[in-house]
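Chain residues, written in single-letter form:
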Amino acid sequence: MIARSRYSIAIKRLKDVEICVPIVYGTMAFHLGRKASESQSHRWTVYVRGATNEDIGVVIKRVVFQLHPSFNNPTRVVESPPFELQECGWGEFEIAISLFFHSDVCDKPLDLYHHLKLYPEAESGPKSTKKPVVMESYNEIVFPEPAEGFFARVLNHPAVVVPRLPAGFVLPTPVPIDSVHGKGRGDTKNHPLSHWFMNFSEADELLKIASARQQVQAHIIKLRRELNMMNGLPPPPNPASGHDYA
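Looking up the protein chain in an unreviewed UniProt entry gives the name Yeats domain-containing protein 4, with the organism given as Citrus sinensis.

Draft legend 1. Highlighting the overall build of the protein chain. For the protein chain, the helix and strand inventory stands at three helices and nine strands. Classification of the 246 residues of the protein chain by burial places 43% in the buried group. Considering only contacts within the protein chain whose residues lie at least 6 apart along the sequence, 72% involve residues at least 24 apart. Accessible surface, the protein chain as shown: approximately 14,400 Å² in total, 55% of it carbon and sulfur.

Draft legend 2. Representation of the sheet that holds strand β6 (residues 94-101) in the model. Read from one edge of the open sheet, four strands run β4-β3-β6-β7, paired in antiparallel fashion. Edge positions in the sheet fall to β4 (75-78) and β7 (110-115), since each of these pairs with one other strand and no more. Strand-to-strand twist across the sheet, computed as the mean angle between neighbouring axes with direction ignored, equals 20 degrees. Both strand β3 (residues 60-66) and β4 contribute to a ladder of four bridges, which runs antiparallel. Bridge assignment links valine 63 to a residue of β4, and that residue is valine 78.

Draft legend 3. Structural detail: the packing of aromatic side chains. In this structure the tally under the stated criterion is five aromatic pairs. Ring geometry for phenylalanine 101 and phenylalanine 143: centres 5.2 Å apart, planes at 85 degrees, overall edge-to-face. Residue phenylalanine 101 is found in strand β6, and its partner phenylalanine 143 is found in strand β8 (residues 133-144); the two are separated by 42 residues along the sequence. Neither residue differs from the other here; phenylalanine 101 and phenylalanine 143 are each classed as buried. Judged by its relative accessible area of 1%, phenylalanine 143 is buried. One aromatic cluster is present, built from ring pairs that chain together Trp44, Phe71 and Phe93. It is arginine 62 that lies over the ring of phenylalanine 100; its NZ or CZ is 4.4 Å from the centre.

Draft legend 4. Fine view of the confidence of the model for the protein chain. Here the protein chain averages 80 in pLDDT, and 71% of its residues register 70 or above. Counted against residues more than four places away or in other chains, residues 1-9, with its pLDDT under 50, gives three contacts. In this model residues 179-183 is a low-confidence stretch, pLDDT under 50, and it forms eight contacts with partners more than four residues away in sequence or in other chains.

Draft legend 5. Highlighting the pairing of β7. Side chains Leu110, Leu112 and His114 project from β7 onto a buried face, and the interleaved Asp111, Tyr113 and His115 project onto a face without burial. Where β6 and β7 come together, six bridges link them in antiparallel fashion. Pairing of alanine 96 across the sheet is with tyrosine 113, part of β7.

Rules behind the numbers
Within any chain, residue numbers begin from 1 and follow the written order of that chain's sequence. Residue-level local features of this predicted model are given only where pLDDT is at least 70; pairs of side-chain atoms are given and counted only at 80 or more, and the full residue set underlies all totals for whole chains, interfaces and linings. With hydrogens and water excluded, all non-hydrogen atoms of the structure serve as input to the side-chain values. Helix and strand labels come from DSSP, where a helix needs a run of H or I of at least four residues and a strand needs a run of E of at least two; each type is numbered from the N terminus. Accessible area is worked out with a 1.4 Å probe on protein chains only. A residue is then buried under 20% of its type maximum, exposed over 50%, and partly exposed in between. Any two residues whose heavy atoms approach within 4.5 Å at even a single point are treated as in contact. A 1.4 Å probe and the Shrake-Rupley method give the accessible areas. Residues count as covered only by the protein chains that appear here. Only when DSSP finds a minimum of two bridges between them are two strands counted as paired. Structural elements are reduced to axes, namely lines fitted to C-alpha atoms, with helices fitted over the stretch in contact, and the angle between N-to-C directions of any two is expressed from 0 to 180 degrees. A pair of Phe, Tyr and Trp rings is counted when the ring centres sit within 6.5 Å of each other, with Trp represented by its six-membered ring. The angle between the planes then sorts it: under 30 degrees is stacked, over 60 is edge-to-face, the rest tilted. Put simply, a charge is over a ring when the Lys NZ or the Arg CZ is close to the ring centre, within 6 Å, and near the line of the ring normal, within 35 degrees. Confidence scores per residue from the predictor, reported as pLDDT, run from 0 to 100.

Here it is in structure tokens:
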């Protein structure tokens, strides 16, 4: 606890500012057809990607997938993007997905849960080996009061939504993080399964809404503080640091 307190004091944070990272997490399952067996009827992939298929490794350091206990080594750790793993099996179950962030982002992991789906809702005729069953969820990870260095590092990154700062505001030179892309690009634009990804083209509009919402929230907090000062009241509390899950 002492070390964490010193760590918090050492980092300068931007008040009334939020950083938003839109993500998609889900599964894609293919029936194996003639290659299917009683214990392995499907080949499936579980993954976490950027909503617009940009590289989210700039924020997420590693992802831990917790599979069903019947799998060998059910706790799988993926240290670099694309954050995914592939397996074969016959049953549906809930997968726990833990996101761990870079040290200048957040020191707490974010836990997500996704139900692996192997069979389509309407089963009529033979199972297709070419068309997968896709289940995806869109969400936004929100980081209130980000560290200045984190903000400066992701300011122009296409996977991250950042608000505009006041004119004349000078950010420190960002400290580069250790590269996690030793094996190539971390985006999923040319992923072998990308043509099956659900269409989140509306994510662009959602990004604009998220950015506008951040601006409005910052303005509201500023007005509340000014009003409290005029009335001789203490300023409103700051939002909790860390991440919010919307």
